[in-house]
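Given next are the chains, with one letter for each unit.
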Amino acid sequence: MEHDSFIELISSFSVSEPIRKRDDIWLELPSGEIVNFKIRLSEKGLVEKVVDENKNEFLPELWIAERLGRLSALARSISSSLGNDTVFVAPEVNYDIRWAVSDEPEEGITSACDILKKVIDTPDMWESHIVYLTSNAGEGKTTMLEKIAFDYAENYTPGKGKLIVPITLSGKPFIRFDDLIVGTLANRFKFTGLFYSSFISLIRMNIIIPAFDGFEEMFVESPSGAAMSAMIEFIKEVKGKGTVLVAARAAYYEYQNLTTQSKLYDAIASYPVAFSKIKIERWNKSQFINFGIQKGFTNEEALRLYSSVSQIFGKTHPVLTRAVLVNKLYTLFEESQDINDFLSTAPTDYNEFYQKFVYTIIEREAKKWLMKKTTGSMPVLTLEQHKKLLCMIAREMWSARSEVLSKDMIDMITDLFIDSENLGADEAWQIKTRIKDHAILRMADSNKSYFEFDHEDFYHFFLGEMLSNLIINDYNDFFDIIRKNRLPKEALDSCVHALQKEIPQGLLLSLHERNKQELRSSYARENASLLMLMMNEMLKEHIDILGIVFETEPLNNIKISNVCFKECIFSSLKISKIGADVRFSNCNIMEIEADSNSVSNVQIIGNTVINSLHNILEDHIEYSPRIINSILQGEFGFVFELQGESTFNKSITQQSDDRLLLFEKVLRIFFRRIEINSDIVNLKLGSTKNKIFWNDIYPNIKNIILDEVQYRGGGNQKRIRIICHMGKIQKALENADGSFGKFLTIIKSFKK
């Protein structure tokens, strides 16, 4: 280890600068302990050995990990905290990592565990590796991270092993990274005495691998006070070293919008980093049966349950493929081996099914809350009262912007509930005692004195139920609640489904009029607008939406029709989700995804701007406004009324020339890595197109857009990186009119 690097690393563990006197070095640890040691240098000036107080000699990496980092103690804490009593079924995965894709699986790679361990055990000393573990909610991301963290903690060996540290956001929308990490170590793993800077040092040494869970919506505050993407901030901290796992619903680089990508890329361009994705697939029959066997059922019982459910709902229904629902289904099956009554009456519509599924769980819970009377036992609460109590808990979580609540807060909510229902002392004692063991709630992993819903799906369900009650009873209270934050799609689904049974007269008009009173920057406007769009799928009334900034999700899960958007901004729109009678007036659409061949009657009016058109079917992106508009008009039936007249003719539909399309495809590879080896380019382009790129395109953009950097691996390859500001590339693509020659001219003009 280099001498300066060694001093920098040990300084991150010390309260103050290390004190050096001749051969001796002193450090003061956060615990107050003074550590005295010597170092022995090689002939080249490298730190060869560390000699401790007892004159024992250690390799510098081992001494830092064990003496300063105390990783053996941390391994025991992680192992004890996570335990090994969780039923685990390894899911199948679809992956795209630095050296392999699931279409061409490596020998010995059969599950998510195998590929994750291969990634973790294959570090790259030249760049950071950010690995996204993606899936929808309830499909096993958290369980997967905790399982592999437990395995590594159990098998940790000083000097050889490494540790994975799960760090959960727990619904906090805005928090500093240092507080979150140090808080997780102290509260969840009962491990103190490690600075945030020490944690970063251990990551850079590839001894600790953080596993961030639930960060897709998160922004952190940097020490300077600026707000930026969580992962960008962290990449800057680790300075191109180490491996990081991130559990999220989508990897950030999957968004092909160059406007978004340019901001992200330019922010991390100084740090060598590569991104990979491991996508968890939904469960199949084998995993459903395996889970049941691990839960204590026989193979015949699990098979009987699977057959009963699949005959009614089909093999792809979420209750058979989503881990969280499978778990609850087996719980119902365990309590009542004959669940045909539930299955025979369960609807096939997912939202309706899910509501009945949750109500069934609560109904069974209500039957356990019994109070003895002279005439016999009777339930403490009705089903409706259970729902009301859980809605009150969900509301408090939303208001507090946290998915966990303390015991004291739970007690206060139950007191308010008891008072509102005029319940007696006996009922009050039962409720306050039993609520903490409710089937829908559990103790939080991060802190055993806090409680959370058993899964975020249940939290979002009761949040939506609560909102539907407010819409019917108190509009002002409803808008006070939805100002807090952006509502999850699942909460909106739950709200809309609950309203189907009792849609207030003139709901859309009332929401529209009340929404106009909100500030444009208010979350309430966005949330109410999304709710209006979702309700309009049923009501089919014309609505106007004014001045809203729409993120990619949940808008692209809503079929929009009979709506006029005015002065709105869209991150991304899918053609398959645009129905009849849709107008965009003076809007900014960053990206339209042509994900189907359906033809829409869409009107583009006024100064509406479309930044890019991503043809999913043919896998290329257009940035020229003239080409974008002509394709949308000629192939998808869009009608343009810019400045009050039709500007484009269907007969002029075209696309960019082959060289510009090929360059754009190479550009997208850099969304995944800051620096790229030539073999990666060749793999992505294929044998024919890679020759065109290297012979015809690369010589024209070398030293202007791309440049070579030092290649440190084996063999003879080029290693290239972007040297031009991504924003300038975007501007040139927009103004090139599909011509590679014109694109080059514009880029070169920026260099003058």
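Use the structure listed above.
In this text, all values refer to a predicted model and were calculated from it rather than measured experimentally.

1. A short note on the sheet that holds strand β5 (residues 57–58)
Here comes step 1: With respect to topology, five strands assemble into an open sheet ordered β1-β2-β3-β4-β5, the strand pairing being antiparallel. Strand pairing shows two members of the sheet lacking a second neighbour, β1 (19–21) and β5, which therefore form its edges.
Here comes step 2: Bridge count for strand β3 (residues 34–41) against strand β4 (residues 47–51) is four bridges, and the pairing is antiparallel. Across the sheet, K38 pairs through a bridge with V51, a residue of β4.
Here comes step 3: Taken strand by strand, helix α1 (residues 3–11) contacts β1, β2 (24–28), β3 and β4, and its axis lies near 170° from that of β3.
Here comes step 4: Of the strands in this sheet, β2, β3, β4 and β5 are in contact with helix α2 (residues 60–68), which crosses β4 at around 35°.

2. A few points about the pattern of salt bridges
Here comes step 1: All chains considered together, the criterion is met by 35 salt bridges.
Here comes step 2: Linking E421 and K388 is a salt bridge whose minimum nitrogen-to-oxygen distance equals 2.6 Å. Here K388 lies in helix α16 (residues 383–400) and E421 lies in the loop between α17 (407–420) and α18 (425–434), a separation of 33 residues in the sequence.
Here comes step 3: Owing to a relative accessible area of 23%, E421 belongs among the partly exposed residues under this scheme.

3. Things to note about helix α5 (residues 141–154)
Here comes step 1: With 14 residues, α5 extends 20 Å between its outermost C-alpha atoms, agreeing within 8% with the 20 Å of an ideal straight helix rising 1.5 Å per residue.
Here comes step 2: All of the buried residues in α5 are K141, M144, L145, I148, A149, F150, D151, Y152 and A153.

4. Looking at the nonpolar core
Here comes step 1: In this structure, F693, I729 and F743 are the most contacted members of the largest nonpolar core, which totals 119 residues.
Here comes step 2: Top contributing element to this core by residue count: helix α27 (residues 678–701), with eight residues.
Here comes step 3: Apart from residues lying up to four places away in sequence, F693 is in contact with L662, V666, V681, L685, Y698, P699, I701 and L706.
Here comes step 4: Grouped together as the second largest cluster of nonpolar side chains are 114 residues, V324, F458, A524 and L531 included.

5. Some details on the packing of aromatic side chains
Here comes step 1: Counted by the stated rule, this structure contains 30 aromatic pairs.
Here comes step 2: Measuring from ring centre to ring centre gives 5.1 Å for F313 and F353, while their planes differ by 65°; the resulting arrangement is edge-to-face. Of this pair, F313 sits in helix α11 (residues 299–313) while F353 is found in helix α15 (residues 350–368), placing the two residues 40 residues apart along the sequence.
Here comes step 3: For F313, a relative accessible area of 12% puts it in the buried group.
Here comes step 4: Residue F353 is classed as buried on the basis of its relative accessible area of 1%.
Here comes step 5: Aromatic side chains F693 and Y698 sit 6.2 Å apart centroid to centroid with 45° between the ring planes, which places their arrangement in the tilted category.

Quick notes on the rules
The numbering scheme is per chain: residues are counted from 1 as the chain's sequence reads. In keeping with the model being predicted, local features are shown solely for residues with a pLDDT of at least 70 and side-chain atom pairs are shown and tallied solely at 80 or more, while totals for entire chains, interfaces and linings include all residues. Think of the side-chain values as coming from all heavy atoms in the structure, minus any hydrogens and water. Strand pairing is assigned whenever DSSP identifies at least 2 bridges connecting the two strands. Secondary structure follows DSSP: runs of H or I at least 4 residues long count as helices, runs of E at least 2 residues long count as strands, and numbering of each begins at the N terminus. Contact criterion: two residues are considered in contact whenever any of their non-hydrogen atoms come within 4.5 Å of each other. A fitted line through C-alpha atoms represents every axis, and for helices the fit uses only the stretch in contact; the resulting angles, taken between N-to-C directions, go from 0 to 180 degrees. Any carboxyl oxygen of Asp or Glu within 4 Å of a side-chain nitrogen of Lys or Arg constitutes a salt bridge here. We call a residue buried when its accessible area falls under 20% of the maximum for its residue type, exposed when it is over 50%, and partly exposed in between, using a 1.4 Å probe and counting protein chains only. Here a helix's expected span is defined as the number of its residues, less one, multiplied by 1.5 Å. Residues enter a nonpolar core if they are buried and are Ala, Val, Leu, Ile, Met, Phe, Trp, Tyr or Cys, with the set joined through side-chain atoms within 4.5 Å. In summary, the pairing rule links any two rings of Phe, Tyr or Trp, Trp by its six-membered ring, whose centres are within 6.5 Å, and it sorts them by plane angle into stacked for under 30 degrees, edge-to-face for over 60 and tilted for everything else.

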